[in-house]
Amino acid sequence: VVEINQAGDLGTGSVNVNGDGTTNAGTSGELSAANGITFAQPINLNGGTLGNDNAAGIFSGPINVTANSNLQLGNFYGATNYNMTISGNLTGSGNLSILDGTGATPTGQVLTLSGNNSGYTGTLTIGGGHGANFSTVGSIPANITATSNATGIPLIGIPAPAAGNSVSPPTI
């Protein structure tokens, strides 16, 4: 796990987060934005995990998802959950799954996507007890899987179209 405590901690270039798409610390890396910082660098998510610790995290740079990867809405070291915002554009074909803080159960934490995600062809999986909010029509990924479980059903917020426009719903 690489925990970022200040914007710019990793310089200015692209950051690769590699792994095998699992949460196994021995085979998958995690990049974690700590204490509510905004992380603006481009990210190549190659099977690893993006997370946030100690507060809601914001990833404002572009994120290219090249392999099945995870978004951890909570601490990597404990059972506390937080919301996450991805305001940068998502691209790529790898699937994304939402995880809770380590050892936590879902508590209604929300993933907000607000970038132009038309270049993202993977599937975003939203499990029960989580929510997803899409700030604009362009932020809605083409493929969304929503699953319910013992903690509830996922809540998905989709923006209303502008007057005179229509919205084709994503595949859910």
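Undergrad: Got a minute to help me understand the overall build of the protein chain in this structure?
TA: When its secondary structure is counted, the protein chain shows 0 helices and 18 strands. Out of the 172 residues in the protein chain, the part that is buried amounts to 43%. Per element, the accessible surface of the protein chain, about 7400 Å² overall, is 51% carbon and sulfur.

Undergrad: Just checking my understanding: could you explain the environment of Gly8 for this structure?
TA: By the secondary structure assignment, Gly8 is in the loop between strand 1 (2-4) and strand 2 (15-18). Given the relative accessible area of 46%, Gly8 is considered partly exposed.

Undergrad: Honestly, the pairing of strand 15 (residues 123-126) in this entry has me stumped. Any pointers?
TA: The two faces of a sheet get side chains in turn, since along a regular strand they alternate between them. A one-sided burial pattern is seen for strand 15, the buried positions being Leu124 and Ile126 and the unburied ones Thr123 and Thr125. Here 2 bridges tie strand 12 (residues 96-100) to strand 15, and the two strands are oriented parallel to one another. In the strand pairing of strand 15, Leu96 is matched with Leu124. Alignment of strand 15 against strand 17 (residues 143-146), held across 4 bridges, turns out to be parallel. The partner of Leu124 across the bridge, within strand 17, is Ile144.

Undergrad: I tried to follow the packing of aromatic side chains on my own but got confused; where do I start?
TA: Applying the stated criterion to the full structure yields 2 aromatic pairs. Considering the side-chain rings of Phe39 and Phe59, the 6.2 Å spacing of their centres and the 65° angle between planes classify their relative orientation as edge-to-face. Of this pair, Phe39 sits in strand 4 (residues 38-39) while Phe59 sits in strand 7 (residues 57-59), placing them 20 residues apart in sequence. Ring plane angle 85° and centroid distance 5.3 Å describe the contact between Phe76 and Tyr77, whose orientation is recorded as edge-to-face.

Undergrad: What should I look at first to understand the sheet that holds strand 8 (residues 63-67) in this one?
TA: Read across the open sheet, the 5 strands follow the order 2-5-8-11-14; overall the sheet is parallel. Of all the strands in the sheet, just strand 2 and strand 14 (119-120) have a single pairing partner and so form its edges. Here 4 bridges tie strand 5 (residues 43-46) to strand 8, and the two strands are oriented parallel to one another. Counted as the bridge partner of Leu45 is Val65 from strand 8.

Undergrad: Which parts of the structure should I look at to understand the side chain of Asn81?
TA: The residue Asn81 is located in the loop between strand 9 (69-73) and strand 10 (84-86) in this model. A relative accessible area of 14% means that Asn81 is categorised as buried. Among the polar contacts made by the side chain of Asn81, one reaches the main-chain amide nitrogen of Gly101 at a distance of 2.7 Å. Side-chain polar atoms of Asn81 contact the side chain of Gln109, separated by 3.4 Å. In this structure Asn81 touches Leu73, Gly74, Asp100, Gly101, Ala104, Thr105, Pro106, Thr107 and Gln109, once residues within four positions along its chain are discounted.

Undergrad: Sorry, what's going on with unusual backbone geometry here?
TA: Phi is mostly negative for residues that are not glycine, and the peptide bonds are mostly trans. At Asn35, a position not held by glycine, the phi torsion is positive, near 60°. Within the fold, Asn35 resides in the loop between strand 3 (30-34) and strand 4. A relative accessible area of 47% places Asn35 in the partly exposed class. Within the chain, Asn54 stands out as a residue other than glycine whose phi angle is a positive 70°.

Undergrad: So what exactly am I meant to see when it comes to the sheet that holds strand 9 here?
TA: Strand pairing in a sheet relies on backbone hydrogen bonds, with the paired strands running either antiparallel or parallel. On the basis of which strands lie adjacent, the open sheet formed by 7 strands has the order 1-3-6-9-12-15-17 and parallel pairing. Bordering the open sheet on either side are strand 1 and strand 17, each of which pairs with just one other strand. Averaged over all pairs of adjacent strands, the angle between their axes in this sheet comes to 25°, without regard to strand direction. In the sheet, strand 1 pairs with strand 3 via 3 bridges, with the strands oriented parallel. Looking at strand 3, one finds that Ile4 is bridged to Ala33.

What counts, and at which threshold
Residues numbered from 1 in each chain as written. Predicted model: local features only at pLDDT ≥ 70, side-chain atom pairs only at ≥ 80, totals over all residues. Heavy atoms only, no water. Helix = DSSP H or I, 4+ residues; strand = E, 2+ residues; numbered from the N terminus. Buried < 20%, exposed > 50% of the residue type's maximum accessible area, 1.4 Å probe, protein only. Areas by Shrake-Rupley, 256 points an atom, 1.4 Å probe, with all protein chains shown as cover. Pairing = 2+ DSSP bridges. Phe/Tyr/Trp six-rings, centres within 6.5 Å; stacked < 30°, edge-to-face > 60°. Polar contact = N/O pair within 3.5 Å; in protein donor to acceptor, adjacent residues only side chain to side chain. Contact = heavy atoms within 4.5 Å. Axes fitted to C-alpha atoms, helices over the stretch in contact; angles between N-to-C directions.

Nothing here speaks to function; it is geometry throughout.
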